[in-house]
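Report on the structure
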Amino acid sequence: MAGSKDKLGFEQLTKYRWEAIQQPAWRLDAQVNEDYYDGNQLNSEALQTMEERGIPPVVVNLVAPTIDLILGMEVRGRTDWVCRPAGEDWDDVALALSKEVKEAERMTDADEECGEAYADQVRAGIGWVEVSRSPDPFRYQYRIKRRDWREFWWDPRSEEPDLSDARYLLRRRFYDRDHLEKVFPHKAKQIRELGPYYTGEEVDGRRLFEADLYSRGGEHYRDYTTTELDWIDLDRNRLQLEEVWYRDWHHVDVITTSDQRVIEFQKDNPLHIAAVQRGITAVKRGVVAKARRAFWIGGLCIDDRPTPFNHNDFPYIPFWGYREGRTRVPYGIIRRMRPLQDEVNARRSKMLWGLSASRVIADRDAVDDHERTRMEAARRDAYIVTNPERRNAQGFRVDDNQSLNSEQFQVYQDSKQTLQDAGGIYQSMLGKGESGADSGKAIQSLVEQGTTTLAKINGNYRQAKNRVGKLLMSLIVEDLKGRQKQVTVDSPNGRRVVKLNEPEEKEGQRVLNNDVTRANVTVAVDEVPQSATFRAQQYQQMAEMVKRLPPDLQAPLLDMVIEASDLPQREKIADRIRQLTGVGKSAEEMTDEERAQAEQKAQKAQEKEQMATELERARIAKEQGDARYSAARAEKEAAEAQQTTAETQQLPLEAEHTQAETEQTRAETAQKLRELQQPPPEEEEELLYRWQ
């Protein structure tokens, strides 16, 4: 089946398939590593050998708790994605995109899916995460999903960890036939007819079998090593769908914009033509790889078209563990622990066997029945009758091997410790106090040292999670292109609303303010963990800090304390507090109704403040009038007091004058009395009568 221009042909796909299966046999090794984690550590050959020797099959799984500790460290140290701008011009866009990315991270369970890929990375050596749009319209629009590492084959000559230089990536998975017919309705008839020996080729109007192709010159099919049973499941009527992502190289013309973005030159775009004619930018030619996606079932091509995503990357992100230097194949931590785990299991089984087994040394004629004596010697209450005709005491001897068991136990303990050391884990990290470190600082130092030994694999995980966030942001930006949206963000100055793709007029041209497609923003994993324990510690620190503040400073920070907690409906509680206190909410963040209420409240507050000002002025004027009145009254009282003082000083003179007048009156009265004392007798009684 020859491919058309820019499409993947069957011959090229066959080469990809052949090259993929020629990789070193690391998949079997990865599966064995996962079996060791699950406790399936003894294969059939080992079990048969142990049964023949009478050794009990004992498995002491030390791999699982060690790996679980590493996975637990990942859970406790999880962080969110954060968008950072390349310049100050895109701060608002970065805050808005961070809010959108965090919302998508929560709705897609991205932390859990990346955590599952991290588990594959640690155990098998590689994990995969898919970043795409959900095909189910009733589900969330974006999909972040962990995929099984057994489904993927990639270009072995690729050197970049994100497969950005890989020529192809294959994913194979079985689906029910009726499901594929609904997904690809334009190929439903061909899918329905697929069966054993079908190749998809037609000659003279009929389908050809593989033998017919050989006889008609189909030599390239002979190099195809897989058979029909590799992509057909006859038991359940399933077919293997092969999703092929590949890159084709093309010559393209590009230009550089004023903000240093490189975009493809469009000959039918008047803005591009005007920019080139004015000398603002220049057209440059380069060779770039463009991604395409094809679907195949065996030899039948279902679909082949350019990538449906705005980015030019494969939607599957590899989470690498360790990689061999020679072959570049992946492997996990368990690979280092397997030999020691085998030794632990072997020594444990041998010790248990040695506790019940005994070694018997006997001459040929020491006992009558050697087989029965051997079984009897293995019992603790053995009763053995020797041949009475033998007089040599050394002819029969039983050894219980107790001295060897103690030595086996010492080596067993050393193997257990060495196994954990091989995984980079110390006893203190497992909660055991056998490391020799007693103080808290010494134990913390050992824990940090164990974390350092995992730096390589954790660094690969961080890079892979960054790429997952970048592809997710690319999908969000593509969906926000040209669409106006308001996003409420938390900034250092409080909560506010950022308007994306807001149209406005500049120099007579219509442009978009905060255009997300032009924003120079990158995604990175935040440095602050987002685990429940870490959030609880942060909340406790914030609550203690606010508690120590003065009462007048606690109220403005109360909404921030509520939002930092894990209380249900904490955002509504914080908004209610802001409405009551009137702090922490900007005008851009408010709705029209809230803005009208805020304006009315502000107007009332202004009127109240103006009234208070007028009352204060009246009070001051009254106090000033009272002060002037008091001053005048004081002056009047001072004058009256002065007058009273003068009158008081004049009273002695008046008293003296009055006394003189009185004395004069008395003298005159006395004179008149003397004169009256000499009246005629007949007038004396009349005078007395008048004076009485």
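Every value quoted in this text rests on a predicted model; they were computed, and no experiment measured them.

To continue, consider the overall build of the protein chain. Along the backbone of the protein chain there are 21 helices and 22 strands. Expressed as a percentage of its 692 residues, the buried residues of the protein chain come to 35%. In the protein chain, the proportion of contacts linking residues at least 24 apart, taken out of those at least 6 apart, comes to 67%. For the protein chain, the exposed surface amounts to about 43,400 Å²; the carbon and sulfur share of it is 49%.

So, on to unusual backbone geometry. If you check the backbone angles, N501 has positive phi at about 55° while not being a glycine. Structurally, N501 is set in the loop between β19 (494-500) and β20 (502-506). Here N501 falls in the buried class, since its relative accessible area comes to 1%. At N514, a residue that is not glycine, the phi angle is positive and equals roughly 60°. For N514, a relative accessible area of 13% corresponds to the buried category.

What follows deals with helix α6 (residues 110-123). Taking 1.5 Å of rise per residue, 14 residues should cover 20 Å, and α6 covers 20 Å from first to last C-alpha, within 8% of that figure. A large share of α6 lies buried, amounting to twelve of its 14 residues. Turning to α6, its buried residues number three or more, namely A110, D111, E113, C114, G115, A117, Y118, A119, D120, Q121, V122 and R123.

Counting across every chain of the model gives 33 salt bridges. Linking D120 and R123 is a salt bridge whose minimum nitrogen-to-oxygen distance equals 3.6 Å. Here the residue D120 and the residue R123 both occupy positions in helix α6, the gap between them amounting to three residues, near one helical turn. When sorted by exposure, D120 lands in the same class as R123, which is buried. One network of salt bridges, in which partners are shared, links R17, R172 and E242.

To continue, consider helix α2 (residues 26-38). Taking 1.5 Å of rise per residue, the 13 residues of α2 would be expected to cover 18 Å, and the 19 Å separating its terminal C-alpha atoms lies within 8% of that figure. Within α2, the full set of buried residues consists of W26, R27, A30, N33, E34, Y36 and Y37. In the stretch just after α2, G39 is the one whose phi turns positive, near 95°.

Our focus in this paragraph is the environment of E34. Note that E34 resides in helix α2. E34 gets classed as buried once you look at its relative accessible area, which sits at 9%. Ignoring anything within four residues of it in the chain, the contact list for E34 reads D120, R123, A124, W149 and R150.

Time to look at the packing of aromatic side chains. Using the criterion set out here, one finds 15 aromatic pairs in the structure. Measuring from ring centre to ring centre gives 5.6 Å for W26 and W154, while their planes differ by 45°; the resulting arrangement is tilted. Taken together, the positions of W26 in helix α2 and W154 in strand β4 (residues 152-154) put the pair 128 residues apart, joining distant regions of the chain. Here W26 matches W154 in class, with each residue buried.

Turning our attention to the side chain of R147. Position of R147 relative to the elements: it lies in strand β3 (residues 142-147). One polar contact links R147 to E130, side chain to side chain, over a distance of 2.8 Å. Contacts of R147, omitting those with residues within four sequence positions, involve D120, W128, E130, F152, R171, R173 and Y316.

Their axes nearest at 10 Å, the elements helix α5 (residues 91-107) and helix α15 (residues 455-480) cross at an angle of 115°. Between α5 and α15 the crossing geometry is right-handed. Note on element contacts: α15 touches α5 through L472, M473, I476, V477 and L480, opposite L97, E100, V101, A104 and E105. Class assignment of the residues belonging to the contact of α5 with α15 gives a composition of eight nonpolar, no polar and two charged.

Reaching out from N501, the side chain makes a polar contact with the backbone oxygen of R483 at a distance of 2.8 Å. Of note is the side chain of N501, whose polar atom sits 3.3 Å from the backbone nitrogen of V516. Discounting residues that sit within four places of it in the chain, N501 has contacts with L480, K481, G482, R483, Q484, L512, N513, N514, D515 and V516.

To continue, consider the sheet that holds strand β13 (residues 316-320). Taken in spatial order, the three strands make up an open sheet running β3-β2-β13, and their pairing is antiparallel. Either end of the sheet is taken by a strand with one partner, and the two such strands are β3 and β13. Across the sheet, the mean angle from the axis of one strand to that of its neighbour is 20°, orientation sign disregarded. The strands touched by α6 are β2 (126-133), β3 and β13; relative to β2, the strand with the most contacts, the crossing angle is about 155°. The sheet contacts of α15 involve β2, β3 and β13, and relative to β13 the element is tilted by about 165°.

A word on the confidence of the model for the protein chain. With 69% of its residues at a pLDDT of 70 or more, the protein chain shows a mean pLDDT of 77. Below pLDDT 50 for its whole length, residues 203-225 participates in 38 contacts with residues either more than four positions away or in separate chains. Across residues 683-692, confidence stays below pLDDT 50; counting only partners more than four residues off in sequence or on other chains, it has three contacts.

Moving on, we get to the environment of N460. Within the secondary structure layout, N460 lies in helix α15. Expressed as a C-alpha distance, the spacing of N460 and Y118, which sit 342 residues apart in the sequence, is 9.6 Å. Other than its neighbours up to four places away in sequence, N460 contacts Q121, W320 and G321. Polar contacts involving the side chain of N460 include one to the main-chain carbonyl oxygen of G321, which spans 2.9 Å.

Taken together, the three bridges between β4 and strand β5 (residues 168-176) define a ladder with antiparallel strand orientation. If you follow W154 over to β5, its bridge partner there is L169. In terms of strand pairing, β5 meets strand β9 (residues 238-256) through nine bridges, oriented antiparallel. Residue pairing for β9: D176 is matched across the bridge by R238.

Rules used throughout
Residues numbered from 1 in each chain as written. Predicted model: local features only at pLDDT ≥ 70, side-chain atom pairs only at ≥ 80, totals over all residues. Heavy atoms only, no water. Helix = DSSP H or I, 4+ residues; strand = E, 2+ residues; numbered from the N terminus. Buried < 20%, exposed > 50% of the residue type's maximum accessible area, 1.4 Å probe, protein only. Contact = heavy atoms within 4.5 Å. Areas by Shrake-Rupley, 256 points an atom, 1.4 Å probe, with all protein chains shown as cover. Expected span 1.5 Å × (residues − 1). Salt bridge = Lys/Arg side-chain N within 4 Å of Asp/Glu carboxyl O. Phe/Tyr/Trp six-rings, centres within 6.5 Å; stacked < 30°, edge-to-face > 60°. Polar contact = N/O pair within 3.5 Å; in protein donor to acceptor, adjacent residues only side chain to side chain. Axes fitted to C-alpha atoms, helices over the stretch in contact; angles between N-to-C directions. Left-handed = near helix turned anticlockwise from the far one by under 90°. Nonpolar A, V, L, I, M, F, W, Y, C, P; charged D, E, K, R; others polar. Pairing = 2+ DSSP bridges. pLDDT = per-residue confidence, 0-100.

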